[in-house]
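As a plain string of letters, each chain reads:
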There are 4 protein chains.
Amino acid sequence: MIEHSTTVRVRYRDTDKMGVVYHSVYLEFFETGRTEMLRDLGLSNAELESRGVMLPLVEYSARLRRPARYDDLLNVESTLRLPVAARMTIDYRVLCGDELLVSGQTVHAFTTVDGMKPIRPPREFLEMVEKAASSLR
Amino acid sequence: MIEHSTTVRVRYRDTDKMGVVYHSVYLEFFETGRTEMLRDLGLSNAELESRGVMLPLVEYSARLRRPARYDDLLNVESTLRLPVAARMTIDYRVLCGDELLVSGQTVHAFTTVDGMKPIRPPREFLEMVEKAASSLR
Amino acid sequence: MIEHSTTVRVRYRDTDKMGVVYHSVYLEFFETGRTEMLRDLGLSNAELESRGVMLPLVEYSARLRRPARYDDLLNVESTLRLPVAARMTIDYRVLCGDELLVSGQTVHAFTTVDGMKPIRPPREFLEMVEKAASSLR
Amino acid sequence: MIEHSTTVRVRYRDTDKMGVVYHSVYLEFFETGRTEMLRDLGLSNAELESRGVMLPLVEYSARLRRPARYDDLLNVESTLRLPVAARMTIDYRVLCGDELLVSGQTVHAFTTVDGMKPIRPPREFLEMVEKAASSLR
């Protein structure tokens, strides 16, 4: 597996009248974690799209253990499950300091950019992921 | 179980550069479905809070089968699972015409309004739900 | 001028930890007001785009007098200034009951759909607006 | 005046189907700019609220010159107008590289935290701003 960590700051816009982060916003934090992890692997969205690949989200889930609050500086840990097969699965953990607040998961399909037709994960994609995983061992 | 249906219109704000509804927005559509279902049961948020009860979301999941698009008029079907126990579970289906686009689920805890301490579902709440279910049989 | 009124319900997602609607969300309410007004004029976005026209927003402003709150059922009044010239200007008033909460304005350019190049307002567009205005006199 | 600069990365969630940043999202970028500027002045929201002060937004405006796009790394320049009087005014410029994309402004009132009653800007607040301004001269 490939692990990555990034930080996000909770804004007013992310909170609701309960005083905590609105539940759907964790998916936006997951987006930031996933995007930065893929960028680190050399797989920025621009790079992927230039190769004709998109990774639309087909499933997601989250478990909210404790609420994140305004101005918290959160750690988003993203983990790419290996090997990547027909689908790509990423697990997330959102922490404030040492405390685990939220865990979740997104599942992605591989499609063409034009028309979003399902495709198999491109060999180049798998090789870059494999290379990244090797360098971490 | 108790079923309810409401409509939402997809706005520009709900879409992303892929031209489809951004995945986290379905949770906002679920919120509208859930709120209107509970309102119909006589359990608006104002009513619940006046009785000292909150229903914070503790888990959610969704499966995205087909994308919703700008200006679609969507049907959000919400189904409350009965009986309600320590947790309240609601299932959702988002349709455009006859086509199922997204299915999902949210799980809610019962807490106090002040301090959000866990409580058992209040007897009044369960009675109102039970009464609503009976009138549907 | 052409006037139109529609309603929006304040969701949890629209509020922030101050307990009121987050300020940028009024622009989303303006979007709903504007879209429904144009739809009533026979100028839905689909209709406009099929004619090769887009109306990107180039300026906006708002004045927040009193806060809207969770679950408020708001009235969004949209007013199209006539005649429409190189730019289209729409004024908005957001009310809760009789109380004016927010006023604002958006200014739109006319562009092509492909490449978003500036164009003059199409004659057909102006005629439909003029016809709508006449029928209101 | 006091100037501050911070960066924000455009996410999928910030774009719409036109392929550009949705217009209301610039207000969220302004929030990040403003919050980080005030934090640098020793005036984080937590600090302000502990002194019983809130800064609700009462007016805003923006002019969109060129669109920001997905994955752009934007510079948000915030400028606090001095002296701060009954209202606090902040100007913003959003740039991508050297190119000015958006300019805007927010105006804030001073209120109590409890009940959000209007107050005069607290002497401590003005002194901290004045001290920060002096150190920049």
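Residues numbered from 1 in each chain as written. Chains lettered and ligands numbered in written order. Predicted model: local features only at pLDDT ≥ 70, side-chain atom pairs only at ≥ 80, totals over all residues. Heavy atoms only, no water.

**Points about the overall build of chain A**
The helix and strand tally for chain A stands at three helices and seven strands. In chain A, the succession of helices and strands from N to C terminus is β-α-α-β-β-β-β-β-β-α. By its C-alpha atoms, chain A is 45 × 35 × 20 Å across when sized along the principal axes. Looking at chain A as a whole, 56% of its 137 residues qualify as buried. Approximately 6200 Å² of chain A is accessible, and the part contributed by carbon and sulfur atoms is 47%. (Helix = DSSP H or I, 4+ residues; strand = E, 2+ residues; numbered from the N terminus. Buried < 20%, exposed > 50% of the residue type's maximum accessible area, 1.4 Å probe, protein only. Areas by Shrake-Rupley, 256 points an atom, 1.4 Å probe, with all protein chains shown as cover.)

**A closer look at the pattern of salt bridges**
Using the criterion set out here, one finds 52 salt bridges over all chains in the structure. The partner of B:E28 in a salt bridge is D:R13, and the shortest N-O contact between them spans 3.9 Å. Separated into two different chains, B:E28 in helix α1 (residues 25-40) and D:R13 in the loop between β1 (2-9) and α1 (25-40) make up a pair that spans both. Classification of D:R13 as buried rests on a relative accessible area of 4%. In this structure, D:R51 engages D:E47 in a salt bridge whose closest nitrogen and oxygen atoms are separated by 2.6 Å. D:R51 gets classed as partly exposed once you look at its relative accessible area, which sits at 36%. Several salt bridges share partner residues, and in doing so they unite A:R11, A:R13, A:D14, B:R11, B:R13, B:D14, C:E28 and D:E28 into one network. (Salt bridge = Lys/Arg side-chain N within 4 Å of Asp/Glu carboxyl O.)

**Observations regarding the interface of chain B and chain C**
Counting from both sides, the interface comprises 15 residues of chain B and, opposite them, 15 residues of chain C. Contact with chain C buries area across many residues of chain B, yet B:R11, B:Y12 and B:E31 alone supply 35% of it, more than any other trio. For the interface between chain B and chain C, the tally reads six salt bridges. Measuring nitrogen to oxygen at the nearest pair gives 3.2 Å for the salt bridge that ties C:R11 to B:E28. Of all elements in the fold, only α1 and α2 (45-50) of chain B reach the threshold of two or more residues within the side of chain B that touches chain C. With six residues, the single largest contributor to the side of chain B that touches chain C is α1(B). By residue class, the composition of the side of chain B that touches chain C is three nonpolar, three polar and nine charged. (Contact = heavy atoms within 4.5 Å. Buried area = accessible area lost by both parts, 1.4 Å probe. Nonpolar A, V, L, I, M, F, W, Y, C, P; charged D, E, K, R; others polar.)

**Let's talk about the relation of the copies chain B and chain C**
With an axial shift of 0.0 Å and an RMSD of 0.0 Å, the rotation relating chain B to chain C amounts to 180°. Here the symmetry operator amounts to a two-fold rotation axis. Measuring from the rotation axis to each C-alpha of chain B, the shortest distance belongs to B:V8, at 5.4 Å. Looking at the interface residues of chain B, 100% of them are also at the interface in chain C, so both copies use one shared face. (Least-squares fit on C-alpha atoms with pLDDT ≥ 70 in both.)

**Quick notes on unusual backbone geometry**
With omega at -5°, the peptide bond leading from B:L82 into B:P83 counts as cis. Mapping B:P83 onto the fold places it in the loop between β4 (73-80) and β5 (88-96). A positive phi angle is found at D:D71, which is not glycine, with a value near 75°. Overall, D:D71 belongs to the buried group, its relative accessible area being 16%.

**A word on the interface of chain A and chain B**
Interface size is commonly expressed as the accessible surface area that is lost when the partners come together. Each partner contributes residues to the interface: chain A has 22 residues there, and chain B has 22 residues. The junction of chain A with chain B conceals about 2000 Å² of combined surface from both sides, 59% of it contributed by carbon and sulfur atoms. The largest share of the area that chain A buries against chain B comes from A:M18, A:H23 and A:Y60, three residues that together contribute 32% of it. The closest approach of N and O atoms between B:E49 and A:K17, which form a salt bridge, is 3.2 Å. On inspection of chain A and its partner chain B, the count reaches 10 residue pairs in polar contact (both at pLDDT 80 or more). Residue assignment for the side of chain A that touches chain B shows that the elements contributing at least two residues are α1 (25-40) and β3 (57-64) of chain A. Ranked by the residues each element gives to the side of chain A that touches chain B, the list is headed by β3(A), at eight residues. Within the side of chain A that touches chain B, the residues separate by chemical class into 12 nonpolar, three polar and seven charged. Judged from the five bridges that link them, β3(A) and strand β3 (residues 57-64) of chain B form a sheet pairing that is antiparallel. (Polar contact = N/O pair within 3.5 Å; in protein donor to acceptor, adjacent residues only side chain to side chain. Pairing = 2+ DSSP bridges.)

**Looking at the relation of the copies chain A and chain B**
Once turned by 180° and shifted 0.0 Å along the axis, chain A lies on chain B with an RMSD of 0.0 Å. The overlap is high: 100% of the interface residues of chain A also sit at the interface in chain B, so the same surface is used on both sides.

**Regarding the environment of B:L82**
Residues and elements named next belong to chain B. For L82, the position within the fold is in the loop between β4 and β5. A relative accessible area of 28% means that L82 is categorised as partly exposed. Considering only alpha carbons, one finds L82 and V129, 47 residues apart in sequence, at a separation of 8.7 Å. For L82, the contacting residues outside a window of four places in its chain are M1, I2, V129 and A133.

**Comments concerning the pairing of β1(D)**
All names here are of chain D. Side-chain alternation along β1 places I2, H4, T6 and V8 on a buried face and E3, S5, T7 and R9 on a face that remains uncovered. In the sheet, β1 pairs with strand β4 (residues 73-80) via eight bridges, with the strands oriented antiparallel. Bridge assignment links V8 to a residue of β4, and that residue is L74.

**Overview of empty space enclosed by the protein**
If a probe as big as a water molecule is rolled over the atoms, it shows which places are left empty. This structure, assessed with the given rule, holds two cavities of 30 Å³ or more. The space that makes up the largest cavity amounts to roughly 80 Å³. The wall of the largest cavity is formed by 13 residues, among which A:R13, B:R13, C:R13, D:R13 and D:E28 lie closest to the centre. Of the residues that constitute the lining of the largest cavity, the class distribution is no nonpolar, no polar and 13 charged. Taken as a whole, the second largest cavity holds about 40 Å³ of empty space. Together, A:L43, A:L48, A:R51, A:V53, A:P122, A:E124, A:F125 and A:M128 line the second largest cavity. Sorting elements by how many residues they give to the lining of the second largest cavity places helix α3 (residues 123-136) of chain A first, with three residues. (1 Å grid on protein atoms, 1.4 Å probe; cavity = no way out; pocket = protein on both sides within 12 Å on 5 of 7 lines; lining within 4 Å. Points joined across faces, edges and corners; volume = space filled by probe spheres on them.)

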